[in-house]
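Structure assessment
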Amino acid sequence: AQSNLWSSITWGQMLFDIVVNDGEDDPYHFYKIDKRFLSLWDLYLSRSGEAPLDVSLFLYKRDPPELREHLLDSIFNEQHRLKSFILVCGRNVKREDKTFIISAAPMLRTLDITVGHHDGVSNPVPLDKAITVDLPSLTSLQTLEIYGNVFLQGQPRADVLDLLQNVNYWPNNVMGPRQ
């Protein structure tokens, strides 16, 4: 039997008005993130061993860049353990020289990524401003919710299409890699 003791971790909270305006005029700017919590985050991930994880990350422009990068790195490095992953961030939160690809998450059943917001126009967005999801590698996916600067790479496997129960797809016009 798998322990549920270390199965769920959340950083931050959903503040939709900040996501929509990408952190400009942030009404919550007075909330400062204490960097000491990073050591607790790391402790949690180390103590959870190889237990499957349900992770929710809510990252904003007001959060220090090194904190955002550390949290993203830590989860993308542990993606093989993910059962559920919710990521909400403004489009200017991710470093452009850093690539984040979900490509090794065989247990992932729920994937919900919001990077910025769906802008409703078709202005091209460079790939380096997006998070990439490698669909063929997600073999257990049941729920897929994509909004904003997210690039879906490849086609889901036929057996995964049978598993999908819920899909919400509102991406921006992310330019994929050149062929």
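Notes on the structure follow. Since this is a predicted model, take the numbers as computed values, not measurements.

**A short note on the side chain of Thr-143**
Within the fold, Thr-143 resides in strand β8 (residues 143-148). For Thr-143, a relative accessible area of 17% puts it in the buried group. Apart from the residues lying within four places of it in its own chain, the contact partners of Thr-143 are Arg-109, Thr-110, Leu-111, Leu-164 and Asn-166.

**With respect to a nonpolar patch on the surface**
Judged by side-chain polarity, Phe-37, Leu-40 and Leu-43 come together as a nonpolar surface patch covering roughly 280 Å² of accessible area. Relative to the helices and strands, Phe-37 is located in helix α2 (residues 37-47).

**Thoughts on the sheet that holds strand β3 (residues 82-89)**
In space, the six strands of this open sheet follow the order β1-β2-β3-β5-β8-β10, with parallel pairing throughout. The open sheet terminates on both sides in strands that have one partner only, identified here as β1 (8-11) and β10 (166-171). On average, each strand axis in the sheet is inclined to that of its neighbour by 5 degrees, with strand direction left out of account. By the bridge criterion, seven bridges tie strand β2 (residues 53-59) to β3 in an arrangement that is parallel. Its bridge partner lying in β3, Leu-53 is registered against Leu-82. Set on the sheet, α2 makes contact with β1 and β2; between it and β1 the angle comes to about 160 degrees. Packing of helix α3 (residues 65-77) onto the sheet brings it into contact with β1, β2 and β3, and relative to β2 it is tilted by some 160 degrees.

**Looking at the sheet that holds strand β9 (residues 150-153)**
Each strand in a sheet pairs with another by means of backbone hydrogen bonds, the pair being arranged parallel or else antiparallel. One open sheet holds the three strands; their spatial order is β4-β7-β9, and the pairing between them is parallel. Only two strands of the sheet have a single neighbouring strand rather than two, namely β4 (101-102) and β9. Direction of pairing for β4 relative to strand β7 (residues 131-134): parallel, over a ladder of two bridges. Its bridge partner lying in β7, Ile-101 is registered against Thr-132.

**Remarks on the nonpolar core**
Counting residues in hydrophobic clusters, the biggest one holds 37 residues, and the most contacted among them are Leu-57, Phe-85, Leu-111 and Ile-113. The element that contributes the greatest number of residues to this core is α3, accounting for five residues. Other than its neighbours up to four places away in sequence, Leu-57 contacts Trp-11, Trp-41, Leu-71, Leu-72, Ile-75, Phe-85, Ile-86, Leu-87 and Val-88.

Conventions used here
- Residues numbered from 1 in each chain as written.
- Predicted model: local features only at pLDDT ≥ 70, side-chain atom pairs only at ≥ 80, totals over all residues.
- Heavy atoms only, no water.
- Helix = DSSP H or I, 4+ residues; strand = E, 2+ residues; numbered from the N terminus.
- Buried < 20%, exposed > 50% of the residue type's maximum accessible area, 1.4 Å probe, protein only.
- Contact = heavy atoms within 4.5 Å.
- Patch = residues over 30% accessible without salt bridge, like charges linked within 9 Å, V, L, I, M, F, W, Y side chains within 5 Å.
- Areas by Shrake-Rupley, 256 points an atom, 1.4 Å probe, with all protein chains shown as cover.
- Salt bridge = Lys/Arg side-chain N within 4 Å of Asp/Glu carboxyl O.
- Pairing = 2+ DSSP bridges.
- Axes fitted to C-alpha atoms, helices over the stretch in contact; angles between N-to-C directions.
- Core = buried A, V, L, I, M, F, W, Y, C linked by side-chain atoms within 4.5 Å.

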